[in-house]
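Per-entry structural report
Residues per chain, in single letters:
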Amino acid sequence: EVVLETKDLSMVFPDGTQALKNVTLTIKKGELVSIIGPSGAGKSTFMRSLNMLNKPTDGQIVFEGENVLKARGKQLRQIRRRIGMVFQHFNLIKRSPTYQNVLHGRLGYMPSLKGGLGRFSEEDTRQALEILRRVGLEDQAFKRADELSGGQQQRVGIARAIAQTPSLLLADEPIASLDPSSSENVMTYLKNVCQEDGLTSIVNLHQVDFAKKFAHRIIGIKAGEVVFDGSPKELTEGI
Ligand code: ADP
Ligand code: ADP
């Protein structure tokens, strides 16, 4: 079952930088794909093009059968709702409690109006706690996000993304700001959560060793082009 397909995807920024060149890929349900490549290779641009944060200049993106580049307005919002995002710098609301950060994912970054402006119902809170449990942070639910360690904050980032019940998870350099032991820990949770849900995920990493350890499939990008696509075992030399 194909979740995502790109065909000859190209991106030229207004200043003339060609960040992607004819990227053609098929990603199947449940795959954990890692995109690797040197800084400036186009990993981030590729990811941002999938939900049209950067609109590609050419090619095609088909996500769950829908033509993403043709989507506008409500259809585009619905596509974005099905794509969870995890960021290098976590992008949490630092002063909000952890459980509320999680709910911002499920509510599509809109505050709940159920219990009054900016308030969350008991059911919302219960669901947030359940999701936090899955990333081992139930006991941190009522702490401010910025009281947590970096690794913990990224696990909140993962919880927020899965709270949205996406069909695709995109993580852009999720461990680039973390030490090796937190990185290992975060990648383990990410992988487990995806496997439990059969969730397809694409993770940009610049550390090849982590990609080899956690991904089912590695895609190497260099100067905007796919230069490798195979299993971790098949990747014998650098990208
Ligand atoms: P990576 O994520 O692999 O480090 P990026 O996707 O961030 O690479 O960048 C790919 C190329 O596109 C780089 O040459 C970068 O400088 C360029 N680039 C990224 N964003 C923009 C932009 N908004 N305008 C112009 N060039 C950009
Ligand atoms: P774990 O769940 O395995 O403890 P964390 O992501 O919580 O992993 O922690 C990652 C690293 O950060 C560990 O080395 C841990 O000792 C450290 N750490 C945990 N909590 C804090 C904190 N509040 N401030 C600073 N470092 C912390």
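The name that an unreviewed UniProt entry assigns to the protein is Phosphonate transport system ATP-binding protein, with the source organism given as Salipaludibacillus aurantiacus.

Further remarks concern the site of ligand 1. Around ligand 1, the structure places F13, D15, T17, A19, P38, S39, G40, A41, G42, K43, S44 and T45. Backbone polar atom of G40 to an oxygen atom of ligand 1: 2.7 Å apart, as the coordinates give it. Residue K43 places a side-chain N or O atom 2.9 Å away from an oxygen atom belonging to ligand 1. Protein chains bury 60% of the 560 Å² of accessible surface belonging to ligand 1 in isolation. Broken down by element, the residue count for the shell around ligand 1 peaks at three residues, all from helix α1 (residues 43-50). Looking at side-chain class alone, the shell around ligand 1 contains four nonpolar, six polar and two charged residues.

The nonpolar side chains of a soluble globular protein tend to be buried, and buried together. Counting residues in each nonpolar core, the largest one holds 43 residues, and the members touching the most others are V102, L132, M187 and L205. Where this core is concerned, the elements lending two or more residues are β3 (32-36), α3 (98-106), α4 (122-134), α5 (150-163), β7 (168-172), α6 (180-197) and α7 (208-214). For this core, the element with the highest residue contribution is α5, accounting for six residues. With sequence-adjacent residues up to four places away left out, L205 is seen in contact with S34, I35, I36, G37, K43, E173, P174, I175, M187, F210 and A211. Counting residues in each nonpolar core, the second largest holds 30 residues, with L9, M47, L76 and L170 among its members.

Our next topic: the site of ligand 2. Looking at ligand 2, the residues that line it are E147, S149, G151, Q152, R155, S181, S182 and N185. The separation between an oxygen atom of ligand 2 and a polar side-chain atom of R155 is 2.9 Å. Contact between ligand 2 and N185: an oxygen atom at 3.3 Å from a side-chain N or O atom of the residue. When ligand 2 sits alone it has 540 Å² of accessible area, and the protein chains cover 44% of it. Listing elements by their share of the shell around ligand 2, those giving two or more residues are α5 and α6.

In contact at an axis separation of 9 Å, α3 and α4 are set at 100 degrees when each is read in the N-to-C sense. Overall, the two elements α3 and α4 adopt an arrangement that is roughly perpendicular. Contacts between α3 and α4 involve T98, Y99, V102, L103 and R106 from the former and D124, T125, Q127, A128, I131 and L132 from the latter. Here the contact of α3 with α4 is composed, by residue class, of six nonpolar, three polar and two charged.

With that out of the way, let us pick up the sheet that holds strand β4 (residues 58-63). Taken in spatial order, the four strands make up an open sheet running β2-β1-β4-β5, and their pairing is antiparallel. What marks the edges here is a single partner per strand, and that holds for β2 (18-28) and β5 (66-67). By the bridge criterion, two bridges tie β4 to β5 in an arrangement that is antiparallel. Residue pairing across strands places V62 opposite N67, the latter belonging to β5.

Before going further, it helps to examine the sheet that holds strand β10 (residues 225-230). One open sheet accounts for six strands, arranged β6-β7-β8-β3-β9-β10; its pairing is mixed. Of all strands in the sheet, those with a lone pairing partner are β6 (83-86) and β10, marking the two edges. Neighbouring strand axes in the sheet, compared pairwise and without regard to direction, differ in orientation by 20 degrees on average. By the bridge criterion, four bridges tie β3 to strand β9 (residues 217-222) in an arrangement that is parallel. Paired with S34 across the bridge in β9 is I218. Its contacts with the sheet place α1 against β3, β6, β7 and β8 (200-204), and it is angled at close to 145 degrees to β8. Sheet contacts for α6: β3, β7 and β8; angle to β8, the most-contacted strand, approximately 160 degrees.

Cut-offs and rules
- Residues numbered from 1 in each chain as written.
- Chains lettered and ligands numbered in written order.
- Predicted model: local features only at pLDDT ≥ 70, side-chain atom pairs only at ≥ 80, totals over all residues.
- Heavy atoms only, no water.
- Near = heavy atom within 4 Å.
- Polar contact = N/O pair within 3.5 Å; in protein donor to acceptor, adjacent residues only side chain to side chain.
- Areas by Shrake-Rupley, 256 points an atom, 1.4 Å probe, with all protein chains shown as cover.
- Helix = DSSP H or I, 4+ residues; strand = E, 2+ residues; numbered from the N terminus.
- Nonpolar A, V, L, I, M, F, W, Y, C, P; charged D, E, K, R; others polar.
- Core = buried A, V, L, I, M, F, W, Y, C linked by side-chain atoms within 4.5 Å.
- Buried < 20%, exposed > 50% of the residue type's maximum accessible area, 1.4 Å probe, protein only.
- Contact = heavy atoms within 4.5 Å.
- Axes fitted to C-alpha atoms, helices over the stretch in contact; angles between N-to-C directions.
- Parallel < 35°, antiparallel > 145°, perpendicular 65-115°, else oblique.
- Pairing = 2+ DSSP bridges.

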